[in-house]
Amino acid sequence: MYGKQTSTANNSLNKVNNVTVNYLPVNNHHTNNNNRSKSSMTSVGNSSLKNDSSSSLPRSTEFKITPKMNLNHNGDHLLLMSSQKVWVSNPKDGFILGEIVDLGSEKVTVEPDPPPGQRGRLSSGPVAVPYEYVYPAEDSSTEDYDDNCSLMYLNEATLLNNVRLRYQRNQIYTYIANMLIAVNPYIEIYGLYSAESIKRYQGCSLGTLPPHVFAIGDKAFRDMKVTKQSQSIIVSGESGAGKTESTKYILRYLCGSWGSAAGSIEQKILDANPVLESFGNAKTTRNNNSSRFGKFIEIHFEKNYKVTGGFISHYLLEKSRICTLSPDERSYHIFYQLLAGAQPELKQKLGLGKLGLNDFHYLRQGCVQFFGTKATLHDPIVDDFKDFAHLEQALGRFGLNESERLAIYTVVAAVLHLGNIKFEDDPDDQRGGCRVSDMSESPLRLVSGLLGVDPDELRQALTSRVMQTAKGGVKGTVIMVMLKVYEANNARDALAKAMYSRLFDYIVYRINQSIPFQDSFTYIGVLDIAGFEFFTVNSFEQFCINYCNEKLQQFFNERVLSDEQMLYEKEGLGVDRIEYIDNSDCIELIESPKLGILSILDEESKLPKPAASHFTSEVHKAFPTHFRLALPRKSKIKEHREIRDEEGFLIRHFAGAVCYKTTQFIEKNNDALHASLEGLVQESKNPFLKGLFTLSNQQQQKGKLAYVSVASKFRTQLSELLEKLRGTGTSFIRCIKPNAKMIPLEFEGGQILSQLQSAGMTSVLELMQRGFPSRVHFSSLYSTYKNLLPPKLSSLDPRFFCRALFKALGLSEEDFRFGLTRVFFRPGKFKEFDQIMRNDPESLAQMVSTVAKWIIQSKWKKTQYATLSAIKLKNKIQYRRENLIIIQKTVRMHLARKRNRPRYKGIMKIRKLNSQIFAMGQTVGKLKKDRESSQRDVEILQGDLANAIQVIKRNANLKEPDIEKLYQDLLTKCDSLVKLLSQRVEAEKNAEEQARARKIQEEMERQKREKEEAMKQKLIEEENRRRKAEIEARRKEEEAAEELKAKQASQNKKLQAKEEVLLTGFTAAAEQERRDTELAFRLAQEGNVTVDTPDNNNGLQLKRSNYAAVSKVGKKFDLSGWKYSELRDTINTSCDVELLEACREEFHRRLKVYHAWKAKNKGGGNKNGVMTDMMSERAPKSVYQHMQSNYLSSSPTPPTNEGQVQQRYFRIPFNKDGQNKVLWYAHFDGQYIARQMEIHGGRPPIVLVTGRDDMNMCELKLNETGLTRKRGAEILEYEFEKEWIKNGGEVYIRPADRKNSVT
């Protein structure tokens, strides 16, 4: 760090080329404080890297350098890098802790720490990892924080470690700014959701109490009151992450805090969840209480912000679960609750009697066990025996009487019995039809009784279907088509799914009917929808669920990442943009209006004979090269590669690649019953069942082309949901599943890291590190603290008030940033600011005094600035006034010329006729006869010319055609008079013709000479102009030569931008590849699939390999395999000039890579304060700013001979900490820095030497610093040496002189 120095190890002896050479000479006063250096030695080429156990310095101690400090090094361990702990990527644990031991050209070598509890064991050995997979660790890896933004280093490794520490301490909630991470504990934590907890969180700002789901609910309520805008809380996560439970606790908090002590409406809202769970939740392999539908629960508030009602919207119930189950899964809870908890009388009415789970076809396909204390399955949330009693009570509170509840249970029982009806081929039917088997007659009669239909009609409707020809209109021919066995099974399942789905719609309708919201002013909505799903076999349900999660992830990117950065740009904060994985191309692939997968599916469903294979082929044909779409054979999972191309496709979602089998897509996309079953239900004597199908009857005759598919309906619902979310304020809760076994106290780091990355939390951390998550309007801040201050300060303008306040508190400008309308705070800094403001009165009085002093200074500076601005403005006005007069004069002249040009051109043409008049006068003078009459004619014509000129002069509106006509008339008169005179003098001409001809010839020659002289003059003028142009061109060429370097830099920057675009594409593909691999391994951990990992590198690794290969071309020495310590010791000891130059170039290149990594991962905050940028620099800011602005303009410096190496010295003044003036001295040996020194006023100087203090010195080449272009920066050698010796600098031996010294 610039201005700080890391403790280094000891002085050493280095062995190079079998010659022992002492390290750089050290002055005596540098060795007084470290006697251990005398015994420390190192050897170049030693592969073992060991820690100096004798060192008493802390692992990450930092202190400022003084002349008395020893900064020698130990080659066996890179204490140059502070022995800093880092996190290294690990597939199993996510990240493991280690320590940097060497710097490579593209990778860093890290020594992993032994596992916790095994500190005595040795680690598995060093590992070489690319820089982007290494992150700096906190000073204490065992201290946890409520908010991840409070960490010094904000990266995905410290995020994962903080979540791990809190989870191990039963602290399942963690903040990232105002977002909540909730890890499912799978056990009940005592007192976490008690009534006392609800009261404790009411009205408390986010961050004042430990993280909790109640705090998010309270934040949403307070935001609703302040902004008068409805709020939404989006609860997301994978199946089994705890979304449903988080939703229940949010509802409980909102109703318990601002309801009427859980009155009737509040109780109904709370009762809605268990009812919906009974009918819409089921056991899956990953969650015992998985929601198989999505819901958006709105809690409406009146103007006084009391709960006034609610509304529930539901999305995409998984109907296929009713008929088909996986071996370890169950159907919806209501079936098991009815069989486990119903009274014997009710069971008898429903025909259940003593039947068990194995007696029903729909249930025995899956897990046939009950949940409960007396059952074989146990879960703290699900209990089939008790939940049925709770369901009965909740339905009663919703206003359903006993007969209505019986009607509901009747439909549920009818679905169970309907599944027991089996079919067999009918030997008497020659058309290949089927019939109900003899064993199914009893279930058939039981179902017909429950449904209120005739048994024979039900039998006929299940085994045949009625079709009507298109010709004849309504009276067209009716044809009965017998169904095959598989078609009859599909018809039976379709009826079961239709009855259950309409029953679910009815349940939601009755709940909404019992919680009206006529007096609603605003609402808080809680979205709980199925999380991202991936199984070995994925079908239409997983496709729709993952499509929904893609849309929600896009909304998260827009709301949190994109909108946040747009706010920064709007407020002018100058925060760099954060790149994140954009999934809009995946959404476009699915929902594009004409070519999307959903559109292709709907078009296929409308065909006379739709086929899943044709649909899949059309999808692959429409997107042959789409990045997000691939064939199943491209999957990393062996079972997926066995799927044929026309049977499925693979989509690369934001969370990873999922392979879908499309054999049932068309069937599941069409939820319409055929006409026979529709007609049967309409004739039912069961009014409840008949009412469930009322809405569908209105669309019965619309035909196949007019039906609304399941996908289209879901897409419309999802669009409406997102429009509603965009119109509300949003809070996010990211639920995390800690392990795949669903057991407590087991933390699978790799799986959790994948969930955090997919949820966008790592991108949020990067945004928080660079950004300002806390913000407040100037007026709000003013109104909050003005009562704490005296009147002379509280009456200030809000913005000026805030500036004065921050100046008085002495807050670092890195902790906050002023925007146009509000002030922004770094993570955790607003809380510190609030605590300072509410401190003791004495501190407040001192602060007021400081503010008053600052205000006087500020006003005086503003007065000075205003005076200077007024003088400048006066000069500007005077200058503009003078130049405006010139502009006006020039414009008037131009307009006058433009307006009068035709007139004065006409006058000039008429005046030219005077020459002819004059000639005629002379001719008349020569006449001997009719001289007087001819003279009068000439005078008349001359008078006409004068009159025409006067007419043109007096008439300003005379047009050009009129002037031309006037001129032509005069010209005609002249010609006529000339002709007349010619006739008169014709007689006289005979005698004088020869003389007159001679005169005319002379006149013509004279005119010719005049023309030639004029042409010659014109050529001379053109030649002068050409020469001036050549002079100007030469001047521009010289100027262009000076700007060539800048233009070359601009072109190189464009090339760099193109390379960055390509690199971004490589990075996105590599990131997607990594997520696909992680998802495949997570499936493999469940024991269901086999993952084949191809032995090839991704594009990013190939790019690095190519770069490494290209970098070796044309170089004599290949130093890519050398260790950092070997390069350093060779530079200090080698006498080979060529090897020395090569080592110096490689050494400084690695330094640049390492410092770039440190800058990218610098700390975002610390309880001891934030390190400013100036303290982290190794040279003045102007040096690095020049390097950044001219990064590509400087070409590599060719290697030079020994005699050509120049020694150059520089001195630059700059401000440190914004106040102290510092002189920075630098000595460059060729292109690389050799010595560096800082001289502070009233403080010890900082003296640094290459080979010992490289980590703290400027790593740039001389031509990258811009020092040679700074006027007055370069000084003479004696000036530098004078200050160097004066401040205790040691003698420097040039590499070129090293050979002689050794000799």
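Read on for a plain summary of the structure.

1. Here we look at the packing of aromatic side chains
All told, the structure shown has 35 aromatic pairs when counted by the stated rule. Ring geometry for F532 against F534: centres 6.1 Å apart, planes inclined by 40°, an arrangement best described as tilted. Here the aromatic rings of F543 and F665 are separated by 5.6 Å at their centres, their planes lie at 55°, and the arrangement is tilted. Of this pair, F543 sits in helix α15 (residues 540–571) while F665 sits in helix α20 (residues 665–669), and the two are 122 residues apart along the sequence. What makes F543 buried here is its relative accessible area of 1%. The rings of F540, F543, F615, F649, Y660 and F665 are connected pair by pair, giving a single aromatic cluster.

2. Describing the sheet that holds strand β9 (residues 134–136)
Strand order in this open sheet of five strands is β8-β7-β6-β5-β9, and the pairing throughout is antiparallel. The two strands at the open ends of the sheet, each matched to only one other strand, are β8 (127–130) and β9. On average, adjacent strands in this sheet sit at an angle of 50° to one another, irrespective of strand direction. Pairing analysis gives four bridges linking strand β7 (residues 107–112) to β8, with the strands arranged antiparallel. Looking at β8, one finds that V108 is bridged to V129. Most of the contacts of helix α1 (residues 156–168) go to strand β6 (residues 94–103), to which it runs at about 135°, and overall it touches β5 (85–90), β6 and β9.

3. A closer look at the side chain of S539
The topology assignment puts S539 in the loop between β21 (522–528) and α15. Take S539: its relative accessible area is 12%, and that puts it in the buried class. When residues no more than four places from it in sequence are discounted, the contact partners of S539 are Y660, K661, Q664, F665 and K668.

4. Considerations on the nonpolar core
Generally speaking, soluble globular proteins have nonpolar side chains that are buried together. If you look at the biggest cluster of nonpolar residues, it comprises 112 residues, and the most contacted ones within it are F279, F335, M499 and I733. Counting residues per element, this core draws most heavily on helix α14 (residues 485–514), which supplies 13 residues. With residues near it in sequence (within four places) discarded, F279 still touches Y332, I334, L391, I408, V412, Y500, L503, F504 and I507. Counting 87 residues, the second largest nonpolar core, distinct from the first, contains F296, C544, I666 and L753.

5. Section: the environment of T923
By the element assignment, T923 lies in helix α31 (residues 841–926). Taking the relative accessible area as the measure of exposure, T923 reaches 29% and is therefore partly exposed. Separated by 58 residues in sequence, T923 and L981 have C-alpha atoms that sit 7.8 Å apart.

6. Structural notes on the sheet that holds strand β22 (residues 629–630)
Here three strands make up an open sheet; going across it, the order is β22-β23-β24 and the pairing antiparallel. Edge positions in the open sheet fall to β22 and β24 (656–661), since each of these has one partner strand only. Relative to β24, strand β23 (residues 648–653) is paired through six bridges, and the arrangement is antiparallel. In the sheet register, H653 faces β24, and the bridge partner there is G656. Strand contacts of helix α18 (residues 612–622): β22 and β23, with the helix running at about 45° to β23, the strand carrying the most contacts.

7. Focus on helix α39 (residues 1277–1286)
Among the residues of α39, F1280, E1281, E1283 and W1284 are the ones counted as buried. When α39 is viewed along its axis, its buried side chains cluster within an angular range of 165° and face the same direction. In α39, the exposed positions angled more than 90 degrees off the buried face are occupied by Y1278, K1282, I1285 and K1286. Those residues of α39 that are buried are in contact with β29 (1207–1216), β30 (1220–1229), β31 (1232–1240), β32 (1246–1249) and β33 (1274–1275). Count one or two residues on from α39 and you reach G1288, which has phi positive near 85°.

8. Side note on empty space enclosed by the protein
Tallied over the full model, the rule gives twelve cavities of 30 Å³ or more. Of the volumes computed, that of the largest cavity is approximately 250 Å³. Lining the largest cavity are 21 residues, with G237, E238, F654, S758 and A759 positioned closest to its centre. Secondary-structure elements contributing two or more residues to the lining of the largest cavity are β12 (231–236), α15, β25 (729–736), α25 (749–758) and α33 (960–1085).

9. With respect to the pattern of salt bridges
Under the definition given, this model contains 47 salt bridges. Measuring nitrogen to oxygen at the nearest pair gives 3.1 Å for the salt bridge that ties E404 to R510. With E404 in helix α11 (residues 402–418) and R510 in helix α14, this residue pair connects regions lying 106 residues apart in the sequence. For R1150, the salt bridge is made with E1146, and the minimal N-O distance between the two is 2.9 Å. A residue pair is termed a helical-turn pair when its members lie 3 or 4 positions apart in one helix, as R1150 and E1146 do in helix α36 (residues 1137–1160) at four residues.

10. Quick look at the packing of α11 against α14
In a pair of packed helices, the angle between the axes and the distance between the axes together describe the arrangement. Packing of α11 against α14 leaves a shortest axis separation of 9 Å and a crossing angle of 160°. If you check the angle between α11 and α14, you find them roughly antiparallel. Note that α11 runs across α14; the crossing there is left-handed. Between α11 and α14, the contacting residues are E404, I408, V411, V412, A414, V415 and L418 on the first element and R492, L495, A496, M499, L503, Y506, I507 and R510 on the second. Of the residues contributing to the contact of α11 with α14, the split by class is twelve nonpolar, no polar and three charged.

11. What to know about the environment of I1239
By the element assignment, I1239 lies in strand β31. C-alpha separation for the pair I1239 and W1224, spaced 15 residues apart in sequence, amounts to 6.7 Å. Those residues in contact with I1239 that lie beyond four places of it in its chain are K1221, V1222, L1223, Y1225, E1283 and N1287.

12. Things to note about helix α10 (residues 384–397)
Along its 14 residues, α10 runs 20 Å from first to last C-alpha, staying within 8% of the 20 Å computed at 1.5 Å per residue. All buried positions along α10 are accounted for by D384, D387, F388, L391, A394 and L395. Each buried residue of α10 lies within a common arc of 125° when the element is viewed along its axis, so the set occupies one face. Among the structural elements, α5 (264–280), α7 (333–341), α8 (344–350) and α11 are those in contact with the buried residues of α10. N-capping of α10 is provided by D383, with a side-chain oxygen placed 3.1 Å from the backbone N of F385. Once α10 ends, the next one or two residues include G399, with phi positive near 95°.

Calculation notes
- Residues numbered from 1 in each chain as written.
- Predicted model: local features only at pLDDT ≥ 70, side-chain atom pairs only at ≥ 80, totals over all residues.
- Heavy atoms only, no water.
- Phe/Tyr/Trp six-rings, centres within 6.5 Å; stacked < 30°, edge-to-face > 60°.
- Helix = DSSP H or I, 4+ residues; strand = E, 2+ residues; numbered from the N terminus.
- Buried < 20%, exposed > 50% of the residue type's maximum accessible area, 1.4 Å probe, protein only.
- Pairing = 2+ DSSP bridges.
- Axes fitted to C-alpha atoms, helices over the stretch in contact; angles between N-to-C directions.
- Contact = heavy atoms within 4.5 Å.
- Core = buried A, V, L, I, M, F, W, Y, C linked by side-chain atoms within 4.5 Å.
- Arc of directions from axis to C-beta.
- 1 Å grid on protein atoms, 1.4 Å probe; cavity = no way out; pocket = protein on both sides within 12 Å on 5 of 7 lines; lining within 4 Å.
- Points joined across faces, edges and corners; volume = space filled by probe spheres on them.
- Salt bridge = Lys/Arg side-chain N within 4 Å of Asp/Glu carboxyl O.
- Parallel < 35°, antiparallel > 145°, perpendicular 65-115°, else oblique.
- Left-handed = near helix turned anticlockwise from the far one by under 90°.
- Nonpolar A, V, L, I, M, F, W, Y, C, P; charged D, E, K, R; others polar.
- Expected span 1.5 Å × (residues − 1).
- Polar contact = N/O pair within 3.5 Å; in protein donor to acceptor, adjacent residues only side chain to side chain.

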